[in-house]
Amino acid sequence: MTSASTLAACTTSGVNGVPALRSAIGNSLAGAQGKTVADQNKIDKTMAPGCALGLYTPAECDRHTRASAARRSELK
């Protein structure tokens, strides 16, 4: 059972807004390459919302798209 203090800690992290969230998660996911196609799918599914919301820059999203396509062709 989750305690109230655990839930409170999750909701009071202090991350508020895109700049703070971007600072918290960083930008190292852009261009990440999975070991398998399933891994790459997970990376892409994690990256896509950040690109859609403007969390990542267009350049980071483009870099990830190119790296993902290259990795997928290597894994075939």
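For the structure itself, consult the block above.
Residues numbered from 1 in each chain as written. Predicted model: local features only at pLDDT ≥ 70, side-chain atom pairs only at ≥ 80, totals over all residues. Heavy atoms only, no water.

A few points about helix 3 (residues 37-52)
Phase 1: The end-to-end C-alpha separation of helix 3 is 22 Å, in line with the 22 Å expected for 16 residues at 1.5 Å each.
Phase 2: For helix 3, every residue scored as buried is listed here: Gln40, Ile43, Asp44, Met47 and Gly50. Viewed along the axis of helix 3, the buried residues span an arc of 125°, placing them on a single side of the element. Residues of helix 3 that are exposed and point more than 90 degrees away from the buried face comprise Lys42, Lys45 and Ala52.
Phase 3: Summarising the contacts, the buried residues of helix 3 are in contact with helix 4 (58-75). (Helix = DSSP H or I, 4+ residues; strand = E, 2+ residues; numbered from the N terminus. Expected span 1.5 Å × (residues − 1). Buried < 20%, exposed > 50% of the residue type's maximum accessible area, 1.4 Å probe, protein only. Arc of directions from axis to C-beta. Contact = heavy atoms within 4.5 Å.)

Considerations on the state of the cysteines
Phase 1: One pass over the structure, following the stated rule, counts one disulfide.
Phase 2: Disulfide partner of Cys51: Cys61, at an S-S distance of 2.1 Å. When the S-S torsion is -115°, as for the bridge of Cys51 with Cys61, the disulfide is left-handed. Within this pair, whereas Cys51 is found in helix 3, its partner Cys61 is found in helix 4, the two being separated by ten residues in sequence.
Phase 3: Judged by its relative accessible area of 11%, Cys61 falls in the buried class. (Disulfide = S-S within 2.5 Å.)

Some points on the environment of Lys76
Phase 1: Along the chain, Lys76 falls in the segment after helix 4.
Phase 2: We classify Lys76 as exposed; its relative accessible area is 86%.
Phase 3: Separated by 40 residues in the primary sequence, Lys76 and Thr36 place their C-alpha atoms 9.5 Å from one another.

Some thoughts on the environment of Gly31
Phase 1: Here Gly31 shows up in the loop between helix 2 (18-25) and helix 3.
Phase 2: On the basis of relative accessibility, which here comes to 22%, the residue Gly31 falls in the partly exposed class.
Phase 3: In the structure, Gly31 is positioned 37 residues away from Ser68 in sequence and 6.7 Å away in space, judged by C-alpha atoms.

Focus: the environment of Gly17
Phase 1: Here Gly17 lies in the loop between helix 1 (4-11) and helix 2.
Phase 2: A C-alpha to C-alpha distance of 9.9 Å links Gly17 and Leu55, two positions 38 residues apart in sequence.

Digging into the pattern of salt bridges
Phase 1: With the rule as written, the count across this model stands at two salt bridges.
Phase 2: Residues Arg71 and Glu74 are paired through a salt bridge, measuring 2.9 Å at the closest nitrogen-oxygen approach. Highlighted residues: Arg71 and Glu74, both in helix 4, separated by three residues, approximately one helical turn.
Phase 3: Overall, Arg71 belongs to the buried group, its relative accessible area being 18%. (Salt bridge = Lys/Arg side-chain N within 4 Å of Asp/Glu carboxyl O.)

This is a description of form; function is not addressed.
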